[in-house]
Structure formats: C-alpha cells, structure tokens
Amino acid sequence: MNPIRGVVFNIQRCSLHDGPGIRTTVFLKGCPLGCFWCQNPESQATSAELLYDRRKCTLCGACRSACPHGAVRLVQGKPTYDRTLCRGCGRCCPVCPNEARSLSGKTMSADEVLAEVRRDVKFYRRSGGGVTLSGGEPMSQPRFSRELLGRCRQEGLHTTLDTCGAAPWARLRGVLEQADFVLLDIKHLDPAKHAAATGRDNRLILANAKRIAKLKPLRLRIPLIPGFNDDAAAIGAIAAFARNELGGPAIDLLPYNRLGEIKYDFLDREGPALLTQTDERLRELEALLGDTR
Ligand code: SF4
Ligand code: SF4
C-alpha cells in the first residue's frame, strides 16, 4: 500500500513558541481561510508554488533552459517569468546561480518527516518538547496530519496541533485524537468582521473551540492585526469568551510581524502594508487578558 503523503513547506527545528519546550514545527500547505494579513502566503495553496525573488535575478537565462513548460521566455532579450504557465515543478530552482528561485512545497511521507524530527529528540526529552504540526492549516491535509501525529506518538514524542479551527468537527476530532496539546488561533468574535477579513465567518471555529476545550489542553493565540482586532473591544471580547466558554485557557497575543510582506512580492501578489504594534500598545492589550497568560 502506498504511504500517505503530504505537502510540507517548511520544517523548523528548535522552535520555542509553538507549544511546550523545544520543538520541531512541521508546516503543511493549504488553508481554508484567506486572511488579508497572512504572514505565510506561500502556505495558502495546497500545491507547490514557485517563489521568485527579482532582486537576486541577474537575467542570466539559466532558468529558461531548465523550464520544460515554457514559463520563462525571452522578452526583448531578457528572460521573463510567466506565472500562469508555471506548474511548480521546481526544475528551474537548482540551476539558478543566485538562488532567486525556490519552491514552496515538497511532497513527503510521514517517514521522511520523521527522519527530520528524530534529529532533535534529545532536545525534546530534556525540555519537555516535541513536534508541532502547523501551516497553512494542518486540517487541510487531515489524513496526513493524523498519520504524522500518530507516528510521532508511537515514538513517544509529545504532539501539538496548531490550528485555525475551521474544519468539520468529525475531521478535526480524528486528528485531535493524536494530539497531546492544541494551539488555536482566534482572530475575532464578530462573525461579519471575521468573514470580511478571512473569507469565512467564525461560527464553526468558535463551536470547535468549545469542543476542543473539553477534550484537550489548549492555548489560544491571537494574531494582532492593525485596524482589525488590535483594540480593547476585540481583545476584551475574546478574553471573555475564553474565560466563560473555554475554561480560561492561556492566551498569547502575537504582534503583527512585517517579515511576511516580501513573500507576496515573491508570489506576484499584492500584499498588506501594515505597521506593527508599539510595545506600549501591546502592554495595554495584554492588560486586558488578566490572568489568562
Ligand atoms: S517551477 Fe517548473 S514550470 Fe515553473 S518556472 Fe520553474 S521549471 Fe518552469
Ligand atoms: S536562473 Fe536565476 S538569475 Fe538566471 S534568469 Fe533565472 S532567476 Fe534570474
């Protein structure tokens, strides 16, 4: 029988903020939401995508010869990339002398991911860490997520699922069975504002949050997005929901990080241009969380 395979876009070793202890975080491609501020836009599509950094390109033309799909053509003597013809095969990446081209997304089996994960077992053991499945959204690849977390557990590794919660409960429950701990993103309590900013309202997410809280140790994470939810009303409402409906889990506020904005350029997409919160603003918002930290 063929092993279940998933599309992985990053494996980050020695993560310190993705669950207890020192962890390896495995990032899977695909997400059901379309948050306008997404800091990993290369994670949103389920298939592999080419990232092209024009700043590094010296127009040498090596990628044109390597591309079997005609996605790099000569226009007025210069190699020009046409994303509409790109199939994400990645053949142009290793030939680029300037590392201007890279592929986001690699199809891997659980065995291949585990081989990476095992490299840091001694750190997990010493620190109480383990493996975190993140994304994108791991629930975009539920069979692979369940398989991978289950295999980690068989090896005695602590498992964390980092999810946005936007998945049918039956599917989410199946993956949760293999998770020791859950990190859940809550972005806004107002369904209309949530839908306008992410493409989907939050009813399923909030219903799942209540279900998860009954089953698993849980920590909430709120990405702070300027003008969307970094105000007292939005954060206070989430804190009250956590206290009243979820049994008062810990909550982390994640200040907006501009590092992801350049990736939109690599994908030929229009990205956000937002300012991160000041330390003072962050302290004011953290004060609203009371003892949920
Ligand atoms: S990823 Fe493949 S299809 Fe796309 S430009 Fe490179 S070689 Fe061509
Ligand atoms: S191989 Fe690299 S440097 Fe050369 S044209 Fe292609 S992207 Fe530019």
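Residues numbered from 1 in each chain as written. Chains lettered and ligands numbered in written order. Predicted model: local features only at pLDDT ≥ 70, side-chain atom pairs only at ≥ 80, totals over all residues. Heavy atoms only, no water.

**Looking at the overall build of the protein**
Note the threshold: Helix numbers and strand numbers start at the N terminus; a helix is a DSSP run of H or I with at least 4 residues, a strand a run of E with at least 2. Exposure classes here rest on a 1.4 Å probe applied to the protein chains alone. A residue is buried below 20% of its type maximum, exposed above 50%, and partly exposed in between. Here, residues are in contact when the closest pair of their heavy atoms is within 4.5 Å.
Across its full length, the protein holds 10 helices and 12 strands. With the principal axes as the frame, the protein shows a C-alpha extent of 65 × 45 × 35 Å. Expressed as a percentage of the 293 residues in the protein, the buried residues total 49%. Within the protein, contacts between residues at least 6 apart in sequence are counted, and of these 69% link residues at least 24 apart.

**Considering the site of ligand 1**
This is how it is decided: A cutoff of 4 Å decides nearness: a residue is near a molecule or strand if any of its heavy atoms lies inside that distance of it. Each residue gets one label: Ala, Val, Leu, Ile, Met, Phe, Trp, Tyr, Cys and Pro are nonpolar, Asp, Glu, Lys and Arg are charged, and the others, such as Gly, are polar.
What surrounds ligand 1 is a group of 13 residues, the closest being Cys67, Cys86, Cys89, Gly90 and Cys92. Grouping the amino acids of the shell around ligand 1 by side-chain chemistry returns 7 nonpolar, 3 polar and 3 charged.

**Focus: the site of ligand 2**
Neighbouring residues of ligand 2: 14 residues in total, closest Cys57, Cys60, Cys63, Cys96 and Asn98. When grouped by side-chain class, the residues that make up the shell around ligand 2 number 10 nonpolar, 3 polar and 1 charged.

**Quick notes on the nonpolar core**
Test applied: To define a nonpolar core, start from buried Ala, Val, Leu, Ile, Met, Phe, Trp, Tyr and Cys residues and group those joined through side-chain atoms within 4.5 Å.
The biggest cluster of nonpolar side chains holds 57 residues, and the ones touching the most others in it are Val26, Val113 and Leu148. Counting residues per element, this core draws most heavily on helix α8 (residues 232-245), at 5 residues. Once you skip the residues sitting within four places of it in the chain, Leu148 turns out to touch Val26, Ala110, Val113, Leu114 and Leu133. Counting 9 residues, the second largest nonpolar core, distinct from the first, contains Leu50, Cys63, Ala71 and Tyr81.

**Points about the side chain of Thr24**
Here is the rule we go by: The definition of a polar contact used here is a pair of N or O atoms within 3.5 Å, where within protein one atom must be able to donate a hydrogen and the other to accept one, and adjacent residues in sequence count solely through side-chain atom pairs.
Mapped onto the elements of the fold, Thr24 is located in strand β2 (residues 23-28). On the basis of relative accessible area, Thr24 is assigned to the buried category, the value being 0%. A polar side-chain atom of Thr24 sits 2.4 Å from a polar atom in the side chain of Tyr124. In this view, Thr24 contacts Ile11, Gln12, Arg13, Val117, Asp120, Tyr124, Gly130, Val131 and Thr132; residues no more than four positions away in its chain are not counted.

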